[in-house]
Amino acid sequence: MAQEPIIEAVQLTKVYNGHTAVDHLDLTVYGGEIFGFLGPNGAGKTTTLLMMLGLTEPTGGTVRVMGLDPARHPLEVKASIGYLQENMGFYRDLTGRQSLAYIAELNGLERKIAQERIQEALEAVGITAAADKKVVTYSRGMRQRLGIAEVLIKKPRIAFLDEPTLGLDPEATNRMIELIKDLCRRHEMTVVLSSHFLNQIQKICQRVGIMIEGKLVAQGPIEQLAREKLGVGDRTYTLEEIYMQYFQEH
Amino acid sequence: MKGFVAIYRKELSDHFSSYRFLILFALIAMVSLITAYLAGMNMAKALEGRVKPSTVFLSLFTAAGAGFSLVQFVTFFGPLLGLLLGFDAINRERNEGTLSKLLSQPIYRDAVINAKFSAAVTMIALMLAAIILVITGLGMLVLGVVPDAEAMGRLVVYFVISVVYIALWLAVAILLSILMRSVATSALASLALWIFFSFFVSIGANAVANSLTADAPPDDPAAIVKRARIENALSVLSPMVLYTNATATIVDPTRKTTRSVIQVGMMEQLSMARYSGPLPLDQSLLVVLPNIVFLICLTVICFAASYLVFMRQEIRSL
Ligand SMILES: Nc1ncnc2c1ncn2[C@@H]1O[C@H](COP(=O)(O)OP(=O)(O)OP(=O)(O)O)[C@@H](O)[C@H]1O
Ligand SMILES: [Mg+2]
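Sequence positions are assigned chain by chain, starting from 1 and proceeding in written order. Labels follow written order: the first chain is A, the first ligand is 1, and so on. Only residues with pLDDT of 70 or above have their local features reported here, since the model is predicted, and side-chain atom pairs are shown and tallied only from 80 upward, although totals for entire chains, interfaces and linings are computed over all residues. Hydrogens and waters are ignored; side-chain quantities use all the structure's heavy atoms.

Q: Got a minute to help me understand the overall build of chain A in this structure?
A: Summing up its helical and strand segments, chain A has 9 helices and 9 strands in all. Computed over C-alpha atoms, the radius of gyration of chain A comes to 18 Å, within 12% of the 18 Å expected from 2.2 N^0.38 for 250 residues, which places it in the range of a compact globule. Dimensions of chain A, computed from the C-alpha atoms along their principal axes, are close to 50 × 40 × 35 Å. For chain A, the proportion of contacts with a sequence separation of at least 24, taken over those separated by at least 6, is 68%. Comment: elements are numbered from the N terminus, with helices defined as DSSP H or I runs of at least four residues and strands as E runs of at least two. Just to be clear, the radius of gyration here is over C-alpha atoms, and the globule rule we use is 2.2 Å times residues to the power 0.38. In this description, contact between two residues means that some pair of their heavy atoms is separated by no more than 4.5 Å.

Q: Just to check I follow, could you spell out the overall build of chain B for this structure?
A: The number of helices and strands found in chain B is 13 helices and 0 strands. Along chain B, from the amino end to the carboxyl end, the secondary structure elements read α-α-α-α-α-α-α-α-α-α-α-α-α. Put simply, chain B has 318 residues, and 48% of those count as buried. Summarising the internal contacts of chain B: among those between residues at least 6 apart in sequence, 81% fall at separations of at least 24. In this description, accessible areas are obtained by the Shrake-Rupley approach with a 1.4 Å probe, and a residue is regarded as covered only by the protein chains that are shown. Of the roughly 14600 Å² of accessible surface on chain B, a fraction of 72% belongs to carbon and sulfur atoms. Each residue gets one of three labels from its accessible area relative to the maximum for its type: buried under 20%, exposed over 50%, partly exposed in between, using a 1.4 Å probe on protein chains only.

Q: Help me understand the site of ligand 1 in this model?
A: For this description, a residue counts as near a given molecule or strand if any of its non-hydrogen atoms is within 4 Å of it. Near ligand 1 you find 13 residues, and of these Gly42, Lys45, Thr46 and Thr47 of chain A together with Arg316 of chain B are the closest. Contact between ligand 1 and Gly42 of chain A: an oxygen atom at 2.8 Å from a main-chain N or O atom of the residue. Between Gly44 of chain A and ligand 1, the recorded distance is 2.9 Å, taken from a backbone N or O atom to an oxygen atom. Looking at the shell around ligand 1, the elements with two or more residues in it are strand S2 (19-30) and helix H1 (45-53) of chain A. For the shell around ligand 1, the element with the most residues is H1 of chain A, which contributes 3 residues. All residues other than Ala, Val, Leu, Ile, Met, Phe, Trp, Tyr, Cys, Pro, Asp, Glu, Lys and Arg, Gly among them, are scored as polar; the first ten of these are nonpolar and the last four charged. Taken together, the residues of the shell around ligand 1 break down into 3 nonpolar, 7 polar and 3 charged. Polar contacts here mean pairs of N or O atoms no more than 3.5 Å apart (in protein, one a potential hydrogen donor and the other a potential acceptor; neighbouring residues in sequence count only if both atoms are side-chain atoms).

Q: In this structure, what is going on with the packing of helix H4 (residues 111-125) of chain A against helix H5 (residues 140-152) of chain A? I would like to understand it.
A: Residue and element names in this part refer to chain A. The convention used is that axes are lines fitted to C-alpha atoms, helices contributing only their stretch in contact, and that angles between N-to-C directions extend from 0 to 180 degrees. Taken N-terminus to C-terminus, the directions of H4 and H5 make an angle of 140°; their axes are 9 Å apart at the nearest point. One element, H4, and the other, H5, form an angle in the oblique class. You can see that H4 and H5 cross each other, and the crossing is right-handed. Residues Ala121, Ala124 and Val125 of H4 touch H5, and the partners they reach there are Arg145, Ile148, Ala149 and Leu152. Residue composition of the contact of H4 with H5, by class: 6 nonpolar, no polar and 1 charged. The cut-offs work like this: below 35 degrees is roughly parallel, past 145 is roughly antiparallel, 65 to 115 is roughly perpendicular, and the gaps in between are oblique. Two helices that cross are described as forming a left-handed crossing if the nearer one is turned anticlockwise from the farther one by less than a right angle, and a right-handed crossing if clockwise.

Q: Even after reading the chapter, I still don't get the coordination of the magnesium ion (ligand 2), so can you show me in this structure?
A: Think of it this way: four donors in a tetrahedron around the metal ideally sit 109.5 degrees apart, and six in an octahedron ideally sit 90 or 180 degrees apart. Excluding water, the donors of a metal are its N, O and S neighbours within 2.8 Å, or within 3.2 Å for Na, K and Ca, and that exclusion means sites may look incomplete. Distances from the magnesium ion (ligand 2) to its protein donors, Thr46 of chain A (OG1) and Glu86 of chain A (OE), fall at 1.9 to 2.4 Å. Taken together, the residues span a long stretch of sequence, with Thr46 of chain A in helix H1 and Glu86 of chain A in the loop between strand S5 (81-84) and helix H3 (96-106) at a distance of 40 residues.

Q: I tried to follow a nonpolar patch on the surface on my own but got confused; where do I start?
A: All names here are of chain B. The patches reported here contain residues having more than 30% relative accessible area and no salt bridge. Joining distances are 9 Å for like charges and 5 Å for nonpolar side chains (Val, Leu, Ile, Met, Phe, Trp, Tyr). Put simply, a salt bridge is a Lys or Arg side-chain nitrogen that is within 4 Å of an Asp or Glu carboxyl oxygen. Taken together, Leu27, Met30, Leu33, Ile34, Tyr37, Leu38, Met41 and Val134 make up a surface patch of nonpolar side chains, about 680 Å² in accessible area. Sort the elements by how many residues they give to the nonpolar patch and helix H2 (residues 19-46) lands first, with 7 residues. Inspection of the secondary structure assignment puts Leu27 in helix H2.

Q: I'm lost on the sheet that holds strand S4 (residues 60-65) of chain A in this one. Help?
A: In any sheet, the strands associate via hydrogen bonds between backbone groups, in a parallel or an antiparallel arrangement. Residue and element names in this part refer to chain A. Pairing between strands is defined by DSSP: at least two bridges between them are needed. With antiparallel pairing, the 3 strands of this open sheet are ordered in space as S2-S1-S4. Whereas interior strands pair on both sides, the edge strands pair on one side only; in this sheet they are S2 and S4. The mean inter-strand angle of the sheet, taken between neighbouring strand axes irrespective of direction, is 15°. Of the strand pairs in this sheet, strand S1 (residues 5-16) and S4 are connected by 5 bridges, and their pairing is antiparallel. Its bridge partner being in S4, Ile7 is matched across the sheet by Val65. Relative to S1, H1 is tilted by about 120°, and along the sheet it contacts S1, S2 and S4.

Q: Would you mind going over the nonpolar core with me for this structure?
A: Nonpolar side chains in soluble globular proteins tend to end up buried together. The criterion is simple. A nonpolar core is a set of buried Ala, Val, Leu, Ile, Met, Phe, Trp, Tyr and Cys residues joined through side-chain atoms within 4.5 Å. Counting 112 residues, the largest nonpolar core has Ile7 and Phe160 of chain A together with Phe61 and Val112 of chain B as its most contacted members. If you tally residues by element for this core, the top one is helix H8 (residues 149-179) of chain B, at 19 residues. Looking at this core, you find at least three residues from each of domain 1 (5-80 + 160-249) and domain 2 (91-155) of chain A. Not counting residues up to four positions away in its chain, the partners in contact with Ile7 of chain A are Leu27, Thr28, Val29, Met52, Arg64, Val65, Ile158, Phe160 and Val192 of chain A. With 52 residues, the next largest nonpolar core counts Val125, Leu152, Val208 and Ile212 of chain A among its residues. Where each domain begins and ends follows an automated or database-derived domain assignment.

Q: How should the packing of aromatic side chains be read in this particular structure?
A: Aromatic rings considered in pairs are described by the distance between their centres and by the relative angle of their planes. Whether two aromatic rings pair depends on their centres lying within 6.5 Å, for rings of Phe, Tyr and Trp, where Trp uses its six-membered ring; planes under 30 degrees apart make the pair stacked, over 60 edge-to-face, and the rest tilted. Here the structure, examined in full by the defined rule, presents 11 aromatic pairs over all chains. Judged by centre distance (6.2 Å) and plane angle (50°), the ring pair of Phe35 of chain A and Phe37 of chain A falls under tilted. Each member of the pair, Phe35 of chain A as well as Phe37 of chain A, carries the same accessibility label: buried. Over the ring of Tyr91 of chain A we find Lys10 of chain B; its NZ or CZ atom is 3.8 Å from the centre of that ring. Definition used: whenever NZ (Lys) or CZ (Arg) falls within 6 Å of the ring centre and also within 35 degrees of the ring normal, the charge is taken to sit over that ring.

Okay, structure coming up:
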């Protein structure tokens, strides 16, 4: 299923006041795949996503998103990436629907198209009933769902989902996983998913990258990593085993 | 300008629906109405049965009603309006996590700051225009004088200078909201700056002037003039002084200089030309032009500084 690369990072580096957050990272994400981005807290996953979005300037190295440099073509890159932040914020005094309408307006969507997409997105994440309540009154999980809806209305070619299932109830988590799979299959969306829930990643990701202390220590299909690290043939393995193996080596 | 319109609209509606703005507007409207009404009543009584000179209309703005005049009121509280509209412009969004969401949409980064500044300036202009119009109406009712083209022109110039003056403090507040992460800190810092430049600079200018001319005898006219000169030169650092001098000359056609009485030439003082006959508007404008230019420069510098800092700022830093 591996086709042509849609995101390519070469020797990507980010230094925050003397502390290297991302260290000469080489990473390739292929079009249409779901890429799992793993690593302990503070490994540099969010920093990497921010550099690929063009929100943070790399200290060194290059990124290309659909062949474009995010620093040179910020609008094109941002228009085609939907970004779900790890600690996303909302305008408290807007309702869910108004928040989505604002995002749609910022993306230059026509009013009519925007309304359709908002309705679709609200239904997809299951917060239609609360759509006209202010965001202040939302629970943690409802905000998370609204955040995902904000990504959906852009209909982006690429989605960066930083901890998308954090705070969701089990039913919503399953629904989210199905939704991501579906988007990928039907709309050929590429998804980069950063998460600490390894069993979810194992369920939906074709390829994963494991990042530890700013370095990408592994990258590839899960089976391949399992063969390399655990040396298993037909034995069942979990992503968690692989991850712990890498983690202990460092 | 991708994104400008969307953000501008949102900012405006935020301002209109915020209690902060409504309370402020109610307060300013009330004070200015009462002041102008009292001033108007006093004048109507004083001028009863006499032909009213055309300049009387402008006196509505300069005559003290309840202890202070409208022009003085705007001079003191206008900056507060600017500060209140801007002190949390950027850092609130940064703290709530909406700034990075905004910037991850396909908009130019400067659209954010341009739209926020423009929306706040729009609010300032609307507020001032409303006050000036209401007082004009009130003046026609109480005094029975219709402002002539000249008076209207002066009011328009007064309006423009005032918007620039308040926008200067808005720009200062926005700059601080970019530089400081905490909303409370930027609020305090902007208040401190306002107090410093509005009050202490003139007090400081006075002290410096006094100490520089300390060895001259107190009644030496040359020393008095020198002291006034130094004070005047230093006070240029205070936007409040710049603004006061500019507006006083604009709304009072009999004033012919932005300088203090002491600094006016001997001959001019003797002839009392200063108090005879009003100055035409274009002449008044010429007199205050340096002040206006200086105020605009200060505003532009402050805004440019916030612009530069914001464009280069690391999204996760501070
Ligand atoms: N503004 C900043 N200034 C200095 N250092 C920073 C800044 N932001 C992040 N860092 C550092 O960069 C490193 C990587 O952070 P990052 O947020 O990318 O980690 P992460 O992999 O997303 O972690 P998590 O799983 O907890 O979300 C951390 O060591 C962090 O301390
Ligand atoms: Mg993170």
